[in-house]
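Spelled out, the chains give:
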Amino acid sequence: MPLPTCAMIAEAVPGAPTCREEPARCSLTVPTSASCTAACEAMGTSCLRAYPQTSDCVPAVELGSLACDATPISPAFCQCGDPAATHPEMAIVTIGDSTMANQYQPGIESGWGDELPPFAVRPEDIHNQGSSGASSLDFETRQSWLDAQALLGPNVYLLIQFGHNDTSTDPERHTDPGVPPDYLGTYRDRLMFYVDAAEKAGATPVLLTSLGNMDFNADGTSQDSYMNDYVLAARKLAADEGLPLIDANRVSRAEYDRLGPVDTIALYSNDETTHFSPAGATRMAELIVRAGCVESETLCAQFLPLP
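These remarks concern the structure in this document. Because the structure is predicted, anything quoted here is derived from the model rather than measured.

Structural notes on helix 3 (residues 143-151)
Looking at helix 3, one finds that the buried residues are Ser144, Trp145 and Ala148. Seen along its axis, helix 3 keeps its buried residues to an arc of 95 degrees; they face one direction.

Put into structure tokens, the structure is as follows:
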């Protein structure tokens, strides 16, 4: 089943702006009155999955997916392509801080990387090398980075998420996010260090923005936090370098907005606003998988279908 070029979409599906295309998939939005199935069939393809959206080409993955044959009540973000397309088996290595990693306290606290394997087609190919207290600066000195490096190679995704501890005043951990609009600080340099290491080893780097903290405005909406510039710096780097980006900050904060201040508390452990309960970490892992499926079909193929 050939995939039409994105230049063909405007003619085939009037009013459907195009987001991106990759082998065996293209992504677009359709108006309220259309279904994703019809939109994809108009291009001679099949609907792979669909999401509600908040604006053109910004899928609201935190709300879950729509059935492909459903007519959305708001514009939908559709992924059209060949459902029979094959994708390489990829291992996934995660590096980052305690919101991700290796600090599991049964029934009390967990990181999203600890809860990622059950979502994977091959749980044994998920390797969580996050490290509690790590920043992008000092992670290079930790055993976790040596362990991660040993796993890098072709057919490996390296998921890179820092930011929380980069805000520290400790000179051994602090990085500077830079200033808008370019964000050319040491945080960008450190993220590029891991990107370069992945690419040198033949692996595919994927940037993640920092998960949001449970901080709310007076009106009950989630607020920008002390690390917002680090989030913006990661987004800017991904855009400048053409790197895959999983915007974990956006999808986590949207989840907090959906739940509200009271129900969001259940996602966190030990009455604090950074680290997750096992249930909260599982929800963050699910949101990251959903966001990864929007970003890349090959990355998505490493995970089991989500309802």
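Concerning the sheet that holds strand 6 (residues 91-96)
Pairing within the open sheet is parallel, and its five strands lie in the order 7-6-8-9-10. Looking at the sheet topology across the chains shown, the edges are occupied by strand 7 (126-128) and strand 10 (245-246). In the sheet, strand 9 (residues 204-208) pairs with strand 10 via two bridges, with the strands oriented parallel. Note on strand 10: the bridge partner recorded for Leu208 is Ile246.

Considerations on helix 7 (residues 278-295)
Between its first and last C-alpha, helix 7 extends 26 Å over 18 residues, near the 26 Å set by a 1.5 Å rise per residue. With respect to burial, helix 7 is a largely interior element, 15 of its 18 residues being buried.

Some points on unusual backbone geometry
Backbone torsion omega between Pro180 and Pro181 reads 5 degrees, so that peptide bond is classified as cis. Mapped onto the secondary structure, Pro181 falls in the loop between strand 8 (156-161) and helix 4 (186-200). A positive phi is found at Asn155, a non-glycine position, where the angle reads about 60 degrees. Although it is not a glycine, Tyr183 sits at a positive phi angle of roughly 50 degrees.

Calculation criteria
Residues numbered from 1 in each chain as written. Predicted model: local features only at pLDDT ≥ 70, side-chain atom pairs only at ≥ 80, totals over all residues. Heavy atoms only, no water. Buried < 20%, exposed > 50% of the residue type's maximum accessible area, 1.4 Å probe, protein only. Helix = DSSP H or I, 4+ residues; strand = E, 2+ residues; numbered from the N terminus. Arc of directions from axis to C-beta. Pairing = 2+ DSSP bridges. Expected span 1.5 Å × (residues − 1).

Geometry only, nothing functional implied.
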